[in-house]
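Coordinate analysis (summary)
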Amino acid sequence: MSAEQDSSTESFESLEAHAYQLEVRRNLLLSTPALIVLFCAASGPLLIMLVFSFLTPGDYGGIKWQFSTEAWFQVAFYRDIFDETVSIADAHLSIFWRSVKLSFLTTLVAFVLGFPTAYFIATRSPETRNLWLFLVTIPFWTNLLIRTFAILEIIRNQGLVNNVLIALGVIDQPLDMLYTDIAILLGMTYVYIPLMILPIYASMERFDFQLVEAAYDLYATRWRVLVRVIVPLVKPGVIAGSILVFVPSLGAYVTPRVLGGGKHLMIGNLIELQFGQGRNWPLGAALSLSLLVIVMVALIFYVRSAQKEGGAHGH
Amino acid sequence: MSDDVAVEARGVSKIFGASTDQEVRALDHVSVSIAQNEFFTLLGPSGCGKTTLLRLIAGFEHPTDGAILLEGKDISALPPFQRPVNTVFQNYALFPHMTVAQNIGFGLEMQGQSKDEVANTVGAMLVLVKMENLKNRRIDQISGGQQQRVALARALAPRPKVLLLDEPLSALDLKLRKEMQVELKRLQHETGITFIFVTHDQEEALTMSDRVAVMNEGRILQVGAPHEIYNRPNDRFVADFIGDTNFMPAEVIEHDESEVRIRLPSGIEITIPAPPGLPQGSEVTLAIRPEQARIVTDADAISIQGSLTDEIYIGTDTQYRVDIGMTSPFVVRVQNANGERARIPLGSRVGIAVDPRTIQILQD
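Predicted model only: the values in this text are computed from it and were never measured.

Another aspect to go through is the overall build of chain B. Along the backbone of chain B there are 8 helices and 20 strands. Its C-alpha atoms give chain B principal-axis dimensions of roughly 80 × 50 × 40 Å. At a minimum sequence separation of 6, the contacts of chain B that also span at least 24 residues come to 64%.

Within chain A one finds 13 helices and 4 strands. Expected size for 315 residues packed as a compact globule is a radius of gyration near 20 Å; at 27 Å, chain A overshoots this value by more than 25%. Seen through its principal axes, chain A has C-alpha atoms that stretch 110 × 75 × 40 Å. A buried classification covers 25% of the 315 residues belonging to chain A. Across chain A, contacts joining residues at least 24 apart in sequence account for 67% of those joining residues at least 6 apart.

In this structure, Ile-57, Ile-104, Ala-153, Leu-163, Leu-164, Ile-196 and Val-214 of chain B are the most contacted members of the largest nonpolar core, which totals 92 residues. When residues of this core are assigned to their parent elements, the largest contribution, 6 residues, is made by helix α4 (residues 144-156) of chain B. Setting aside its immediate chain neighbours within four residues, Val-214 of chain B contacts Leu-43, Gly-44, Leu-221, Gln-222, Ile-229, Val-238, Phe-241 and Ile-242 of chain B. Counting 43 residues, the second-largest nonpolar core is a separate cluster that includes Ala-71, Met-188, Tyr-192 and Leu-195 of chain A.

Moving on to the sheet that holds strand β4 (residues 65-70) of chain B. Note on sheets: strands pair through backbone hydrogen bonds, and any given pair is parallel or antiparallel. All names here are of chain B. Across the sheet, which stays open at both edges, the 4 strands sit in the order β2-β1-β4-β5 with antiparallel pairing between neighbours. The two strands at the open ends of the sheet, each matched to only one other strand, are β2 (24-35) and β5 (73-74). Of the pairings in the sheet, the one linking strand β1 (residues 5-16) to β2 comprises 8 bridges and is antiparallel in character. Opposite Ala-9, over in β2, you have Val-32 as the bridge partner. Sheet contacts for helix α1 (residues 50-58): β1, β2 and β4; angle to β1, the most-contacted strand, approximately 115 degrees.

With 20 residues of chain B at the contact, the number on the chain A side is 18 residues. Counting residues per element, the ones that place at least two in the side of chain B that touches chain A are β6 (85-88) and α2 (100-110) of chain B. Top contributing element to the side of chain B that touches chain A by residue count: α2 of chain B, with 3 residues. Looking at side-chain class alone, the side of chain B that touches chain A contains 11 nonpolar, 8 polar and 1 charged residues.

Take the domain arrangement of chain B next. You can read the domains of chain B as domain 1 (5-239) and domain 2 (244-363). Contacts between the two partners involve 5 residues from domain 1 of chain B and, on the opposite side, 6 residues from domain 2 of chain B.

Residue and element names in this part refer to chain A. Close contact between helix α7 (residues 181-205) and helix α10 (residues 235-250) brings their axes to 7 Å; oriented N to C, the two are set at 160 degrees. Relative to α10, the element α7 lies roughly antiparallel. Remark: the crossing between α7 and α10 carries right-handed chirality. Across the interface between the two elements, Met-188, Tyr-192, Leu-195, Met-196, Pro-199, Ile-200, Ala-202, Ser-203 and Met-204 of α7 pack against Pro-236, Gly-237, Val-238, Ala-240, Gly-241, Leu-244, Val-245, Pro-248 and Ser-249 of α10.

The phi torsion at Arg-279 of chain A lies on the positive side, around 50 degrees, for a residue other than glycine. When you line up the elements, Arg-279 of chain A lands in the loop between α12 (267-275) and α13 (281-313). With 16 C-beta atoms packed within 10 Å, Arg-279 of chain A lands in the partly exposed category. Despite not being glycine, Arg-159 of chain B has its phi angle at roughly 50 degrees, a positive value. Take Arg-159 of chain B: it is sitting in the loop between α4 and β7 (162-166). The exposure class assigned to Arg-159 of chain B is partly exposed, which follows from the 14 C-beta atoms found within 10 Å.

Before going further, it helps to examine α4 of chain B. All names here are of chain B. A rise of 1.5 Å per residue sets the reference length of α4, with its 13 residues, at 18 Å; its end C-alpha atoms lie 18 Å apart and thus fit the reference within 8%. Listing the buried residues of α4 in full gives Gln-148, Arg-149, Val-150, Ala-151, Leu-152, Ala-153, Arg-154, Ala-155 and Leu-156. Elements in contact with the buried residues of α4: β6, α2, α3 (115-128), β7 and α5 (174-191).

Residue and element names in this part refer to chain B. Within the secondary structure layout, Val-5 lies in strand β1. Residues Val-5 and Asn-37, 32 residues apart in the sequence, show an inter-C-alpha distance of 9.2 Å. Beyond its immediate stretch of four places on either side in the chain, Val-5 contacts Ser-33, Ala-35 and Gly-72.

With that settled, the discussion passes to the domain arrangement of chain A. Residue and element names in this part refer to chain A. Here chain A is described as being made up of domain 1 (2-53) and domain 2 (88-313). Taken over C-alpha atoms, the centre of domain 1 sits 43 Å from the centre of domain 2. Each partner contributes to the interface: domain 1 provides 4 residues, whereas domain 2 provides 6 residues. Classifying every residue of the side of domain 1 that touches domain 2 by side-chain character gives 3 nonpolar, 1 polar and no charged.

Right, let's talk about the environment of Val-238 of chain B for a bit. Residue and element names in this part refer to chain B. As for its position among the elements, Val-238 is in helix α8 (residues 236-241). On the basis of neighbour counts, which here come to 27 C-beta atoms within 10 Å, the residue Val-238 falls in the buried class. For the pair formed by Val-238 and Leu-221, sequence separation is 17 residues and the distance between their alpha carbons is 7.3 Å. Contacts of Val-238, omitting those with residues within four sequence positions, involve Val-214, Leu-221, Gln-222, Ile-229 and Pro-233.

Before going further, it helps to examine the packing of helix α3 (residues 90-122) of chain A against α10 of chain A. Residue and element names in this part refer to chain A. Relative to each other, α3 and α10 sit at 145 degrees, their axes nearing to 9 Å. Between α3 and α10 lies a crossing whose hand is right-handed. Across from Ser-99, Val-100, Leu-102, Ser-103, Thr-106, Thr-107, Ala-110, Phe-111 and Gly-114 in α3, the residues of α10 making contact are Val-238, Gly-241, Ser-242, Val-245, Phe-246, Ser-249 and Leu-250.

This next bit is on the confidence of the model for chain A. Averaged over all residues, the pLDDT of chain A is 87; the fraction at 70 or higher stands at 94%. For the stretch residues 311-315 of chain A, pLDDT sits under 50, and the model shows 6 contacts to residues farther than four places along the chain or on other chains.

Attention now moves to the sheet that holds strand β11 (residues 246-255) of chain B. Residue and element names in this part refer to chain B. Reading across from one edge, β13-β12-β11-β14-β20 is the order of the 5 strands in this open sheet, with antiparallel pairing throughout. Lying at the two open borders of the sheet, with one neighbouring strand each, are β13 (269-273) and β20 (360-363). Looking at each pair of strands side by side, their axes are set apart by 45 degrees on average, direction ignored. Sheet topology note: the β11/strand β14 (residues 283-288) ladder contains 6 bridges and is antiparallel. Within the sheet, the bridge partner assigned to Pro-249 lies in β14 and is Thr-285.

All names here are of chain B. Burial of the side chains of strand β15 (residues 293-296) is restricted to one face: Ala-293 and Ile-295 are buried, whereas none of Arg-294 and Val-296 on the reverse face is. Judged from the 4 bridges that link them, β15 and strand β19 (residues 349-354) form a sheet pairing that is antiparallel. Each bridged residue has a counterpart across the sheet, and for Ile-295 the counterpart in β19 is Ile-352.

Each value, and the rule that gives it
Residues numbered from 1 in each chain as written. Chains lettered and ligands numbered in written order. Predicted model: local features only at pLDDT ≥ 70, side-chain atom pairs only at ≥ 80, totals over all residues. Helix = DSSP H or I, 4+ residues; strand = E, 2+ residues; numbered from the N terminus. Contact = placed C-beta atoms within 7 Å. Rg over C-alpha atoms; globule rule 2.2 N^0.38 Å. Buried ≥ 20, exposed ≤ 12 C-beta atoms within 10 Å, placed from the backbone. Core = buried A, V, L, I, M, F, W, Y, C linked by C-beta atoms within 7 Å. Pairing = 2+ DSSP bridges. Axes fitted to C-alpha atoms, helices over the stretch in contact; angles between N-to-C directions. Nonpolar A, V, L, I, M, F, W, Y, C, P; charged D, E, K, R; others polar. Domains from an automatic or database assignment. Parallel < 35°, antiparallel > 145°, perpendicular 65-115°, else oblique. Left-handed = near helix turned anticlockwise from the far one by under 90°. Expected span 1.5 Å × (residues − 1). pLDDT = per-residue confidence, 0-100.

What follows is the structure, given as structure tokens:
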């Protein structure tokens, strides 16, 4: 009797397990296309990079299938060709530092200019709002390279700005703006500022502007309304915008190439150099992965601190 | 002006979209003065300018013409954060990123009070609105009625000279609304602050206010105590907007010092007590409240006659509609005595008896 009962529960359990297996198989089947895309477009290339970074460079580019940690060593250290002495690769480090610094400044400038712009658009009437948004997105319609050369035209020694300033008698000699960090900063801010404006605008559009009146009514000055009410409530948009500007700035290639004139390299240019003239693919791969790590660490810190600050408001 | 005037509007006009083709005159030379410690209500249909007047007092808008005075001082040019006036908004406008206590303390903090002072006042306010045990909740974690209390506490905490309330009860259900009406009266009593209350609900206005201003199309039509507004409306709009009213055209035949002889459309003449000032032969409108008329089955002895078309039972009262040969029927409301009502067959000829002293004469 009891044995019979046992066998029936057992068979029920195995039935259940079978149904579960079927479901797992079906789910796997359904998610296959997404998994293929993810592998081919994201994980696959990353894996290839990881493997390449542990190989030996080929004589004319490419790689030799020979394990080596030399590439990772070269990211931070420099080995003299003749006497094999080891020193810190300060050229690489200064390029990394310039990239982080310029990306941070780009994000900051984009925020300082983009926040009021988003506020302006969000406070227009609904009919005119779309026109302003349209104007913000227009630059996306033109190729990045062309837009960057347009900036070059404007700031070069015989360019628009210098010509106007000389014609007005403000200066005698043209200002050297091109091929400086400032030129790169200007170019990157111009290219990425829509990515700051749009998420902040999206947050502000949902913002209840009656809260501004309420704070205003409760003795808050204009500045305090901004700091205590508007900024905390549109913070998700500010975080999204900052990430969207900071990450591509860090990996920027065209802008520092054109406006930095090859003298002021950023990480993107350094990586390109390894796959091109440098003929050191493993080092290029190791540099790329280093960039990835920098971005991820920066993001984790940023989101953590933003959350902490957001949480502090909550009690 | 005497010392006990809290707020005064002097010939205030507000034009929106001036110098465009969509010019809207929201307020048209409005003058009113509101006494200290008064529960004053601005009553009118939507778009009558009542909220605009409130926003002018708060400082969110500035008058196109005229001046707003607070305790005798012109505050028309001051921004909202420099006016000792606080507002309870229709949808409360509580700060969603702050707790109940932080919301209530916001105004005090902005005034630069110390942490201890803020905490003390917030504590007292939480007790006043009976929210002590919810002080650490976020705004989206409390009910609509509780949000209402927080909004009140937040606006009262800095002890403003005047509290402005912009239809604060309209989002609540009926039962909660009745509770909050009592609550608001209590708060006004306990704090001794002047309340200016905006509503389109005439019942709310009559039950809560010390005085009511009835507004329409950017103007104040009548200001007075609720019973004055109800019993002695001086304007057809006021009589129509507040409670139900029967209107009847009439012509002035004779006028002496205390009485006026009037001819009804049916040709019958009646005498009504009225103050002097109605020229002979002028067209007037008589306003008669449904509950001040009676149905009389012996029709011949009565001046106003007609046939009974409808009899509607509404619990405490019965409403009779009588066709007296005008476009709309004459409505009579009779209280049901002992739960019973007199049954009158529909279509029968009835008379409508009215005490002449309760008839209001409106000049068109």
